Structure formats: C-alpha cells, structure tokens
Amino acid sequence: WGDERLEPGFTAVMRVKNEARSLPWSLPPLLRVARRVVLVDNGSTDGTIRVARAIAEEHAAADRFDVRSYPFSIARCGAEHLATPAKSVHSLVHFYNWSFSLVRTNQALKWDGDMVLTDAAVATLRDLAWQLDATEAVIRIPRHSLYVADERHGFVDVGLSNCEAWGWPNKPGYSFVKALEWELPMSGGDAASVVLPDWSCVELKHLDADEFAHWSGTDFTSSARTRRKDREWAVFRALAGGAKPPDGVVPVQAPPGVHVIDHVRDTWLPARARVG
C-alpha cells in the first residue's frame, strides 16, 4: 500500500454470484460514485458478467470497469464458514481480502450486487470522495430491504435498517478477519465514522429467488448476532408465502409502466427522506 501508487477517490469492489437481474439498478449509481469499479465474479451462470459489461459500456464507463473471476467455491455463512480456516481459498476472509487487494485508489467501497443507491446518496458519496483524502473515516450507509414481488409490487421493511461499514481508507490496518458466522471488517487507527442519511439505499430481495442460498442454515434464532437475518428470513417467508406483511413492512405499488425498483429509488425513498 504505497501512497504513490494510489489515485484519489473510491474503488468499489462488487462481489457477485448470479446477480444479473439486480445489476441494472445497482451498478449504474455505483459507476457514478466510484472512480473505478471492480466486479469480482464467483462462478455466475446467469450472464452476470455479460450484463455488467453491457451496463458499463452503456454508461461510458468501460475504461473504469474491471471484471475479475474468483474460481474457488466459497464457504457459506454460518456453520460452513466457521469450519473453514481463514487462510483457505474457500474462506470468506480470504475471498474478501483478495478482492480488496485489487483496489488502487485511496478509498475502498464494499458493495453488494443487490444494493441500490438513491441520487441523493450518489451526490453525497461523490462529495465525500475528495473530502476523505484529507482525513481518515469509515463510511456507513443505512439500507432497508426491498422485497420485490413483481414488476410493479414490492414491500419495504421500514422496521429494520442495517448500517454497516461500507467504505474505508485503502491502507494497512483495514482488512477482514474471521467472525463466527461471516467475515468481519477491521478498522485500523482511530477512524471517524461518517453515516449517510437514512433512506439512502435499498437491498433487493426477489421473492421468487433463493435469497438465502449463501447461508449453510437458516436457524437464525440461536444467537443475537443473527437477529437481523432472523427478521429478514421471517419477512421473506411471510411475503413469499402470500401472508400478510409483518409489522413494519410497507407494501409499495409502482405506477403503470414504472418498475417498482425505479419507483422506490426515485420517488418513494426521496419522499421518506423529506419527511425524516
């Protein structure tokens, strides 16, 4: 990590497997935020790489977009992860540290293929990109789950907001270590914490897909550490089964001709942000 090798701004590292259906919403805002986007694919079979490259071309960002393949199977969260040595190429820890070794800018962004930023959040991160070069800070981005039922209908969980660390300086001391159920980012030094406003981001969950395939088990009640996943699992099962939305889950219907993800991103979230 020699400073002389690093450019200013963000490199977004998007780790994906079979995210082709979500990329048309998650990738374009990220291309507007980051100086460089690295997509690390782990054996997708749904055309993820082809879709991602087409999006980068469409947004005149092909020269800032890089695709890498990680050829090893990765232990799923939970018991499989716990049983896999951290230094194994099959470990989430090794996978994440390898992926972030590809960053060549001062700042790194950890991104999932199903995370969609609002325009306001894009503007905030673009402003932060140059300001962060003068300080040391970890960026936290609150996000709510958007459960997608079909093109016009979805459900937003307003009762649960996840606010993890999604950005940090690209320097020694910032890496991933093994925790009990998953990998854990470690921050070096006394970094400040910058938190984006609420209603900045949604995480897509398609009700006709297996959104928990990356877990080796779905008993999330055994530990307080997995309380958020227990909520997501309960909400997903209820909605996918046609049951009444749980408390705190709000149905959303897009106008005719508008996809529900576009409606939530462009209209519903900004309206929520205005009322606080």
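Preceding this paragraph is the structure being described.
Summarised in this report is the structure supplied together with it. (Residues numbered from 1 in each chain as written. Predicted model: local features only at pLDDT ≥ 70, side-chain atom pairs only at ≥ 80, totals over all residues. Heavy atoms only, no water.)

**Section: the packing of helix α1 (residues 23–33) against helix α5 (residues 119–131)**
Then, in step 1: Viewed as axis vectors pointing N to C, α1 and α5 meet at an angle of 25°, and their least axial separation amounts to 9 Å. The angle between α1 and α5 falls in the class roughly parallel. Helix-helix and strand crossings are classified by hand; for α1 and α5 the assignment is right-handed. Contacts from Pro 29, Arg 32 and Val 33 of α1 reach α5 at Asp 119, Val 122, Leu 125 and Arg 126.
Then, in step 2: Per-class residue counts for the contact of α1 with α5 are four nonpolar, no polar and three charged. (Axes fitted to C-alpha atoms, helices over the stretch in contact; angles between N-to-C directions. Helix = DSSP H or I, 4+ residues; strand = E, 2+ residues; numbered from the N terminus. Parallel < 35°, antiparallel > 145°, perpendicular 65-115°, else oblique. Left-handed = near helix turned anticlockwise from the far one by under 90°. Contact = heavy atoms within 4.5 Å. Nonpolar A, V, L, I, M, F, W, Y, C, P; charged D, E, K, R; others polar.)

**Structural notes on the state of the cysteines**
Among covalent bonds in proteins, the disulfide is the one between the sulfur atoms of two cysteines.
Then, in step 1: Counted under the stated rule, the structure contains zero disulfides.
Then, in step 2: In this model Cys 77 remains outside any disulfide bridge; the closest cysteine sulfur is found in Cys 201, 18 Å from its own.
Then, in step 3: The cysteine Cys 201 is free of any disulfide, with Cys 163 supplying the nearest cysteine sulfur at 11 Å. (Disulfide = S-S within 2.5 Å.)

**Here's the deal with the packing of aromatic side chains**
Then, in step 1: Summed over the entire model, instances satisfying the criterion amount to 15 aromatic pairs.
Then, in step 2: When the centroid spacing of 5.8 Å and the interplanar angle of 90° are considered together, the rings of Phe 95 and Tyr 96 count as edge-to-face. For the pair Phe 95 and Tyr 96, a shared accessibility class is recorded, and that class is buried.
Then, in step 3: Seen in terms of ring centroids, Phe 212 and Phe 236 are 5.6 Å apart; in terms of plane orientation they differ by 75°. Their pairing is edge-to-face. One end of the pair, Phe 212, is in the loop between β13 (201–206) and α6 (227–240); the other, Phe 236, is in helix α6, with 24 residues separating them in the sequence.
Then, in step 4: Take Phe 236: its relative accessible area is 8%, and that puts it in the buried class.
Then, in step 5: Taken together, the aromatic side chains of Tyr 70, Phe 72, Phe 95, Tyr 96, Trp 98, Phe 100, Trp 168 and Phe 176 make up a single cluster linked through ring pairs.
Then, in step 6: Across from the ring centre of Phe 212, 5.9 Å away, lies the NZ or CZ of Lys 205, which sits over that ring. (Phe/Tyr/Trp six-rings, centres within 6.5 Å; stacked < 30°, edge-to-face > 60°. Buried < 20%, exposed > 50% of the residue type's maximum accessible area, 1.4 Å probe, protein only. Lys NZ or Arg CZ within 6 Å of the ring centre and 35° of its normal.)

**Details of the sheet that holds strand β4 (residues 105–112)**
Then, in step 1: In space, the seven strands of this open sheet follow the order β3-β2-β1-β4-β9-β6-β12, with mixed pairing throughout. Taken across any chain shown, the strands that pair with only one partner, and hence form the sheet edges, are β3 (65–69) and β12 (192–195). Within this sheet the neighbouring strands show an average axis-to-axis angle of 20°, counted without direction.
Then, in step 2: Two strands pair when backbone bridges link them, and β4 and strand β9 (residues 165–169) are joined in this way by three bridges, in the antiparallel orientation. Across the sheet, the residue bridging to Leu 109 is Gly 167, located in β9.
Then, in step 3: Taken strand by strand, α1 contacts β1 (7–16), β2 (36–41), β3 and β4, and its axis lies near 165° from that of β1. (Pairing = 2+ DSSP bridges.)

**Thoughts on the sheet that holds β13**
Then, in step 1: Across the sheet, which stays open at both edges, the five strands sit in the order β5-β13-β7-β8-β14 with mixed pairing between neighbours. Only two strands of the sheet have a single partner each, and these edge strands are β5 (115–117) and β14 (249–253). In this sheet, adjacent strand axes meet at a mean angle of 30° when their direction is disregarded.
Then, in step 2: Where strand β7 (residues 144–148) and strand β8 (residues 153–157) come together, three bridges link them in antiparallel fashion. Following the sheet pairing, Val 148 is matched in β8 by Gly 154.
Then, in step 3: Most of the contacts of α6 go to β7, to which it runs at about 20°, and overall it touches β7, β8, β13 and β14.
Then, in step 4: In this fold helix α7 (residues 260–275) packs onto β5, β7, β8, β13 and β14, with an angle of close to 120° to the strand it touches most, β14.

**A few points about the pattern of salt bridges**
Close approach of charged atoms lets side chains of opposite charge pair.
Then, in step 1: Tallied over the entire structure, the rule returns 20 salt bridges.
Then, in step 2: Between Arg 231 and Asp 157 there is a salt bridge; the shortest N-O distance is 2.8 Å. In this pair, Arg 231 sits in helix α6 while Asp 157 sits in strand β8, placing the two residues 74 residues apart along the sequence.
Then, in step 3: Since its relative accessible area comes to 24%, Arg 231 is described here as partly exposed.
Then, in step 4: Bridged by salt links that share partners, the residues Lys 110, Arg 143, Glu 164, Glu 203, Lys 205, Arg 228, Lys 229 and Glu 232 form one connected network. (Salt bridge = Lys/Arg side-chain N within 4 Å of Asp/Glu carboxyl O.)

**Comments concerning the environment of Glu 183**
Then, in step 1: Among the secondary structure elements, Glu 183 is positioned in strand β11 (residues 183–186).
Then, in step 2: When near neighbours in sequence (up to four residues on either side) are disregarded, Glu 183 contacts His 81, Leu 92, Val 93, Tyr 96, Lys 110, Phe 176 and Val 177.

**Some words on the nonpolar core**
Then, in step 1: Within the largest apolar cluster, 36 residues are counted, with the highest numbers of intra-cluster contacts made by Phe 10, Leu 27, Phe 65, Leu 117, Leu 125 and Ile 141.
Then, in step 2: For Leu 117, the contacting residues outside a window of four places in its chain are Pro 29, Val 33, Trp 111, Val 122, Leu 125, Ile 141, Ser 200, Cys 201 and Arg 265.
Then, in step 3: Core analysis: the second largest hydrophobic core is formed by 28 residues, Val 38, Ala 108, Phe 155 and Leu 207 among them. (Core = buried A, V, L, I, M, F, W, Y, C linked by side-chain atoms within 4.5 Å.)

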